[in-house]
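Listed below are the residues making up each chain.
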Amino acid sequence: MSTVQAGVIGAGHLGAFHAQKYASMEGVQLAAVFDVDPARAAAVAAMAGCAAAGSLEQLLAIVDCASIAVPTRAHHNVALAAIDAGVHVLVEKPLAASAASGRAIVEAGERAGLLVQVGHLERFNPAFADLPSIVTEPRFIECHRLSPFAGRGTDTDVVFDVMIHDLDLISFVVGREVESVQAIGVAVLSDHADIANARLRFQGGCIANVTASRVSLKRERRLRIFQEDAYVAVDFDARSLRVMRRRPGTRIDPAAPMNALTMEERAFDDADPLREQIAAFVAAVRGERAPAVSGREAMNALELADQVLAAIAAERERHRR
């Protein structure tokens, strides 16, 4: 296809950014934006220089692909409608509100021969790009993804809203099945868990301790990985990577232990992960590459999120007895 006709479904905070990126890309025409709130759709359409569709069906009739940036609970119905209309979809994370709904989307896309890509944005963070080549056999992983309360995403819990990022990254890096999950979650400012901690044990022995909060006083996006030959620290906000290794053949001198270690620090230029994610999606629509984060890959994180929620519910029930 010479020019990809793209659409954005959902004209909220994220949808507006998606519209901006499509509108700025060569070889792409942002055909329309749709939202159940016509005024909001009109505002985003005016900003991006495209039409505001009067209905979801109207948008789906004129596009090759679409970003789905509606509330999580609506992903299932909207994605299935798009696939039924023959439209490739980029679904904002999480893929769906449950593993069963996510599986229905993935299977519908496969039956129709259409792309289902999922917006796990941290995969496009340059600080993460080098990680798979460094981490070979992780033994312990620690994640903190914290932010002040923003009032968005409260239709779901912090596990699906925030922790899902790190569940995806950890699953990708470890590459093994989960054996057990322990978790706790607390609702602080919304009707759902706003802070949660999960301890995951993977086949092979790797342990991951994951904390996500949307009610913290400060913002933090850090991932630390320990294996026998290295300690790796990623700061997603600062886009930096630090690798500490023991020098081969050296003994630790208690008086100067750092002399036995090498330290490598990598800093990355400013990047636009959302633009790169959408560009990868468009390239996949053109048939130039596979989806960057396929629906099947996203299902790993979704199923793990379901396990975390089940563990939170079990812990809550245990304390009620």
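As a reminder, the structure under discussion sits directly above these lines.
What you see is a predicted model; the values in this text were computed from it and never measured. (Residues numbered from 1 in each chain as written. Predicted model: local features only at pLDDT ≥ 70, side-chain atom pairs only at ≥ 80, totals over all residues. Heavy atoms only, no water.)

Q: Give me the sheet that holds strand β4 (residues 65–68): which residues, what numbers.
A: An order of β3-β2-β1-β4-β5-β6 is seen for the 6 strands of this open sheet, with the pairing classed as parallel. A single partner strand is all that each edge strand has here, and the edge strands are β3 (51–52) and β6 (116–119). Of the pairings in the sheet, the one linking strand β1 (residues 4–9) to β4 comprises 4 bridges and is parallel in character. Its bridge partner lying in β4, Ile9 is registered against Ile68. (Pairing = 2+ DSSP bridges. Helix = DSSP H or I, 4+ residues; strand = E, 2+ residues; numbered from the N terminus.)

Q: I'd love a proper account of the state of the cysteines, names of residues and values included.
A: Applying the stated criterion across every chain yields a total of 0 disulfides. In this model Cys206 remains outside any disulfide bridge; the closest cysteine sulfur is found in Cys143, 10.0 Å from its own. (Disulfide = S-S within 2.5 Å.)

Q: How would you explain the sheet that holds strand β7 (residues 140–146) if you had to name every residue and give the values?
A: Here we have 8 strands laid out as an open sheet, ordered β8-β9-β10-β7-β11-β12-β13-β14, and mixed in their pairing. Both outer strands of the open sheet, β8 (178–186) and β14 (261–267), are each paired with one neighbouring strand and no more. Taking the axes of each pair of neighbouring strands and ignoring which way they run, one obtains an average angle of 10° across the sheet. Across the sheet, helix α8 (residues 158–174) touches β7, β9 (195–202), β10 (207–213) and β11 (220–227), and the angle it forms with β9 is around 20°. (Axes fitted to C-alpha atoms, helices over the stretch in contact; angles between N-to-C directions. Contact = heavy atoms within 4.5 Å.)

Q: Describe the environment of Ala280, and please don't skip the residues or the numbers.
A: Among the secondary structure elements, Ala280 is positioned in helix α9 (residues 273–285). Relative accessible area serves as the criterion here: at 4%, Ala280 is assigned to the buried category. Residues Ala280 and Ala292, spaced 12 residues apart in sequence, show a C-alpha to C-alpha distance of 6.4 Å. Sequence-distant contacts of Ala280, that is, excluding residues within four places in its chain, are made with Gln117, Phe124, Arg289 and Ala292. (Buried < 20%, exposed > 50% of the residue type's maximum accessible area, 1.4 Å probe, protein only.)

Q: Let's hear about the pairing of strand β13 (residues 240–246): which residues, and what values?
A: Bridging between strand β12 (residues 230–235) and β13 involves 6 bridges; their strand directions are antiparallel. Each bridged residue has a counterpart across the sheet, and for Val232 the counterpart in β13 is Val243. The antiparallel pairing of β12 with β13 creates a hairpin that spans 4 residues between the two strands, and Arg239 there sits at a positive phi of about 55°. By the bridge criterion, 7 bridges tie β13 to β14 in an arrangement that is antiparallel. The residue bridging Arg242 from the neighbouring strand is Glu265, located in β14.

Q: Report on the packing of helix α1 (residues 13–23) against helix α2 (residues 38–48), specifying residues and quantitative values.
A: Here α1 crosses α2 at 25°, and the two axes come no closer than 9 Å. The angle between α1 and α2 falls in the class roughly parallel. Crossing of α1 over α2 shows right-handed handedness. For the pair formed by α1 and α2, the contact residues are Ala16, Ala19, Gln20 and Ala23 on the first element and Val44, Met47 and Ala48 on the second. Residue composition of the contact of α1 with α2, by class: 6 nonpolar, 1 polar and no charged. (Parallel < 35°, antiparallel > 145°, perpendicular 65-115°, else oblique. Left-handed = near helix turned anticlockwise from the far one by under 90°. Nonpolar A, V, L, I, M, F, W, Y, C, P; charged D, E, K, R; others polar.)

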